[in-house]
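Okay, here's what each chain looks like letter by letter:
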Amino acid sequence: MTDAEALLATWEQKFRPHPDGADLPAHHNHCLGCGPDNPHGHRLQARRHGDSVVASHSFDGRHVGAPGIVHGGAVATVIDDLYGFLLYLVGTPAVTRRLTVDYLAPVLIGTTYRLEGSVTSREGRKLFVAASLTASDGRSVATSTAVFVTVGVDHFGRCGAPSVDD
Ligand SMILES: CCCCCCCCCCCCCC(=O)SCCNC(=O)CCNC(=O)[C@H](O)C(C)(C)COP(=O)(O)OP(=O)(O)OC[C@H]1O[C@@H](n2cnc3c(N)ncnc32)[C@H](O)[C@@H]1OP(=O)(O)O
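Conventions adopted
Residues numbered from 1 in each chain as written. Predicted model: local features only at pLDDT ≥ 70, side-chain atom pairs only at ≥ 80, totals over all residues. UniProt positions renumbered as here; feature names shortened; annotations may be inferred. Helix = DSSP H or I, 4+ residues; strand = E, 2+ residues; numbered from the N terminus. Buried ≥ 20, exposed ≤ 12 C-beta atoms within 10 Å, placed from the backbone. Contact = placed C-beta atoms within 7 Å. Pairing = 2+ DSSP bridges. Axes fitted to C-alpha atoms, helices over the stretch in contact; angles between N-to-C directions. Core = buried A, V, L, I, M, F, W, Y, C linked by C-beta atoms within 7 Å.

Looking at an unreviewed UniProt entry, the protein chain carries the name Acyl-coenzyme A thioesterase THEM4, with the source organism given as Nocardioides aquiterrae. The annotation that UniProt attaches to the protein chain under Sequence similarities (unreviewed entry) is "Belongs to the THEM4/THEM5 thioesterase family."

Take a look at the structure:
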């Protein structure tokens, strides 16, 4: 097996049943959203919560936009990656085709937020998903919807996935 095939197989193995409450594995070690070895990454850690995925997350100084406020692109990155964990529950790889974010209030650096994402419906290859980012006082600071389109694991091989070092 080549390194590339081994990497793709590793990812394929992550699409197995995960018990409720289980921590979910990073997409790969260098993933911008969740990879533990990406120095620029968010290191998002998500777990299964019924049919949803949840995470507790705080952004740091690397993710600043306006002073003290998290860059909107960083918020979108983390939400997009949260959806990537949801795919483990769905049981199939998919990629983001459309992502919308409503920024309802500033997301603050160094503050912990709760993220929750779930599938709202499925139509053929399309997965309609939704997520929220909530402050500790229960205020919703961002909401999102997205459309993911299912792909085979071979999609990532075609796109050069083997070049990353797992
Ligand atoms: C090493 C391995 C590790 C890998 C780790 C990965 C980790 C990642 C973890 C996650 C990290 C975070 C996640 C990431 O960062 S994922 C990375 C960012 N996203 C991408 O790179 C995706 C780029 N796009 C594509 O590759 C293609 O466009 C895809 C594959 C998505 C579809 O191209 P394809 O040619 O195959 O399909 P199609 O164009 O016929 O469309 C299919 C269906 O979809 C419908 N449709 C289209 N648009 C919309 C829309 N806006 N609203 C509603 N519906 C829409 C369309 O009508 C059709 O429906 P139907 O006619 O069939 O009914």
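> How should I be thinking about the overall build of the protein chain in this particular structure?
Looking only at helices and strands, one finds three helices and six strands in the protein chain. For the protein chain, the sequential pattern of α-helices and β-strands runs α-β-β-α-β-β-β-β-α. Buried residues in the protein chain amount to 27% of all 166 residues. In the protein chain, 64% of the contacts between residues at least 6 apart in sequence involve partners at least 24 apart.

> I keep staring at the UniProt feature "domain: Thioesterase" (unreviewed entry) in the protein chain and nothing clicks. Help me out?
The UniProt record marks residues 68-141 with the feature "domain: Thioesterase" (unreviewed entry), using the residue numbering of this structure. Strand forms 45% of residues 68-141 and helix 26%; the C-alpha atoms that close the span are 15 Å apart.

> Teacher, can you tell me more about the environment of F85 here?
Here F85 lies in helix α2 (residues 72-90). You can call F85 buried: it has 28 C-beta atoms within 10 Å. Expressed as a C-alpha distance, the spacing of F85 and R48, which sit 37 residues apart in the sequence, is 8.6 Å. Setting aside its immediate chain neighbours within four residues, F85 contacts L24, A46 and V53.

> I tried to follow the sheet that holds strand β6 (residues 140-150) on my own but got confused; where do I start?
Adjacent strands of a sheet form backbone hydrogen bonds with each other and so pair up, either parallel or antiparallel. Taken together, six strands build an open sheet; the order of strands is β1-β2-β4-β5-β6-β3 and the sheet is antiparallel. In this open sheet, the two strands that pair with only one neighbour each are β1 (46-49) and β3 (94-103). Averaged over all pairs of adjacent strands, the angle between their axes in this sheet comes to 25 degrees, without regard to strand direction. Bridge analysis of β1 against strand β2 (residues 52-58) gives four bridges, and the strand direction is antiparallel. Bridge pairing links A46 to A55 in β2. Along the sheet, α2 makes contact with β1, β2, β3, β4 (112-123), β5 (126-134) and β6, crossing β3 at roughly 135 degrees.

> Please explain the pairing of β6 as it appears in this structure.
Regular strands place their side chains on alternate faces of the sheet. Where β3 meets β6, nine bridges bridge the pair, whose relative direction is antiparallel. Bridge pairing links T100 to T145 in β6. Bridge count between β5 and β6: nine bridges; the pairing is antiparallel. Counterpart to S132 in the pairing with β6 is T143. Connecting the antiparallel pair β5 and β6 is a turn made up of five residues, with G138 showing a positive phi of about 90 degrees.

> What am I meant to see in the nonpolar core here?
In a soluble, globular protein the nonpolar side chains are often hidden away together inside. In terms of nonpolar packing, the biggest core is built from 29 residues, with L82 and Y83 touching the most fellow members. Contributions of two or more residues to this core are made by β2, α2, β4, β5 and β6. Residue contributions to this core peak at nine residues, all from α2. Leave out the neighbours within four places in its chain, and Y83 touches T96, G117, V129, A131, A146 and F148.

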